[in-house]
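Understanding the architecture of this molecule
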Amino acid sequence: MKRPDKTITEYPEAAGTRLVELERARQELTSMMSHDMLNLLHEIVSFFDLVDRGLLTPQAPEFAEFMGMASQSSRELMLMINSVLDVYKLEDGRLALNRRPADLAELLAHSAEQVRPFAIQNGVSLAFDIPPDLPPLDVDGEVIVRVLSNLLLSAIKAIPAGGQVRVAATTQHGSPAMVQVSVYDTGESIAAEELERIFDRFYQTARRRRGTGLGLIFCKRAVELHGGHIWAESESGQGSTFHFTLPVAVEATSA
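Residues numbered from 1 in each chain as written. Predicted model: local features only at pLDDT ≥ 70, side-chain atom pairs only at ≥ 80, totals over all residues. Heavy atoms only, no water.

In this section: the sheet that holds strand S6 (residues 230–234). On the basis of which strands lie adjacent, the open sheet formed by five strands has the order S2-S4-S5-S7-S6 and mixed pairing. The outermost strands of the open sheet, each flanked by one partner alone, are strand S2 (125–129) and S6. On average, each strand axis in the sheet is inclined to that of its neighbour by 20°, with strand direction left out of account. By the bridge criterion, eight bridges tie strand S5 (residues 178–185) to strand S7 (residues 240–247) in an arrangement that is antiparallel. Within S7, the position partnered with aspartate 185 by the bridge is serine 240. Those strands touched by helix H3 (residues 104–122) are S2, strand S4 (164–172) and S5, and its axis lies near 170° from that of S2. (Pairing = 2+ DSSP bridges. Helix = DSSP H or I, 4+ residues; strand = E, 2+ residues; numbered from the N terminus. Axes fitted to C-alpha atoms, helices over the stretch in contact; angles between N-to-C directions. Contact = heavy atoms within 4.5 Å.)

So, in structure tokens, the structure goes:
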């Protein structure tokens, strides 16, 4: 009879190597986070410093542009910090879901409102294809808004000006019934080896312009906590798509 595979404890050298890799990745992530947060803070502080010194007034032609940059940096910094906090809450089991029937179109509208300034700043258009007869979801609406916002922002930051991010949804009839949400983008494709690790802790993809990747980790943990599944697909020259599933509200399935 074939002997079961050995556990990692039977290979202390392998366990040590893995721990070294995780520690190196953690240090790289911390460095990236510090660098990105400092850059965002620098953009915010620079704007207010110019205003405080009287070098930039509301009457100046470039005032709106600088204010928009500072506002975008503030939003991005807030999303980054919230992602860090939420990942640890999810992993520690401290994020309790407040589930109730929710309309996906309404959740998506809230998410789009949060990320639209980034889309405008980056010259990216947003499109939504949500069927009007889509059943309500059994989810924590605030958490799923965060999931959608993270996926939209990740796509916006990964594609050049003139690109598009499109969100679509379909119903999967089964037991349990689920809704599949797909976020398409026209950016660079993701390599096959990256697709396998894109939701791993501390992993940074090559195509992401700025960010720690914690947003994707949060998406994975949050979707799975709802009983759903999340994955990514990408083909050369065809952009990338992030899919995830969420459960349909019970009253919708029994109607």
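Turning to the pattern of salt bridges, a few remarks are in order. This model, assessed by the stated rule, comprises three salt bridges. Aspartate 49 is paired through a salt bridge with arginine 53; the nearest N and O atoms lie 3.1 Å apart. Overall, the relative accessible area of 33% leaves aspartate 49 in the partly exposed class. Here aspartate 138 makes a salt bridge to arginine 99, at a shortest N to O gap of 3.3 Å. Highlighted residues: aspartate 138 in strand S3 (residues 137–139) and arginine 99 in the loop between helix H2 (63–91) and strand S1 (100–102), separated in sequence by 39 residues. The exposure class assigned to arginine 99 is partly exposed, which follows from its relative accessible area of 33%. (Salt bridge = Lys/Arg side-chain N within 4 Å of Asp/Glu carboxyl O. Buried < 20%, exposed > 50% of the residue type's maximum accessible area, 1.4 Å probe, protein only.)

Quick look at the packing of aromatic side chains now. Scanning all chains against the criterion turns up two aromatic pairs. Here phenylalanine 47 and phenylalanine 48 contribute two aromatic rings whose centre-to-centre distance is 5.2 Å and whose plane-to-plane angle is 70°, an arrangement assigned as edge-to-face. For phenylalanine 47, a relative accessible area of 6% corresponds to the buried category. Arranged with centres 5.7 Å apart and planes meeting at 55°, the rings of phenylalanine 47 and phenylalanine 63 form a pair that is tilted. (Phe/Tyr/Trp six-rings, centres within 6.5 Å; stacked < 30°, edge-to-face > 60°.)

The biggest cluster of nonpolar side chains holds 51 residues, and the ones touching the most others in it are Leu104, Val147, Val165 and Phe244. Per element, the largest residue contribution to this core is ten residues, and it comes from helix H4 (residues 141–158). When sequence neighbours within four positions are dropped, the list of residues in contact with phenylalanine 244 reads Val147, Leu148, Leu151, Val179, Gln180, Val181, Val223, His229, Ile230 and Trp231. (Core = buried A, V, L, I, M, F, W, Y, C linked by side-chain atoms within 4.5 Å.)

Glancing now at the environment of valine 51. Tracing the sequence through the fold places valine 51 in helix H1 (residues 12–52). Assessed through its relative accessible area of 33%, valine 51 is described here as partly exposed. For the pair valine 51 and methionine 67, spaced 16 residues apart in sequence, the C-alpha to C-alpha distance is 10.0 Å. In this structure, valine 51 is in contact with Leu56 and Phe63, ignoring residues within four places of it in sequence.

By secondary structure assignment, the location of threonine 241 is in strand S7. Classification of threonine 241 as buried rests on a relative accessible area of 11%. Considering only alpha carbons, one finds threonine 241 and serine 189, 52 residues apart in sequence, at a separation of 9.4 Å. Filtering out sequence-adjacent residues up to four positions away, threonine 241 remains in contact with Ser182, Val183, Tyr184, Trp231, Ala232 and Glu233.

Read these as layout, nothing more, since geometry by itself doesn't imply function.
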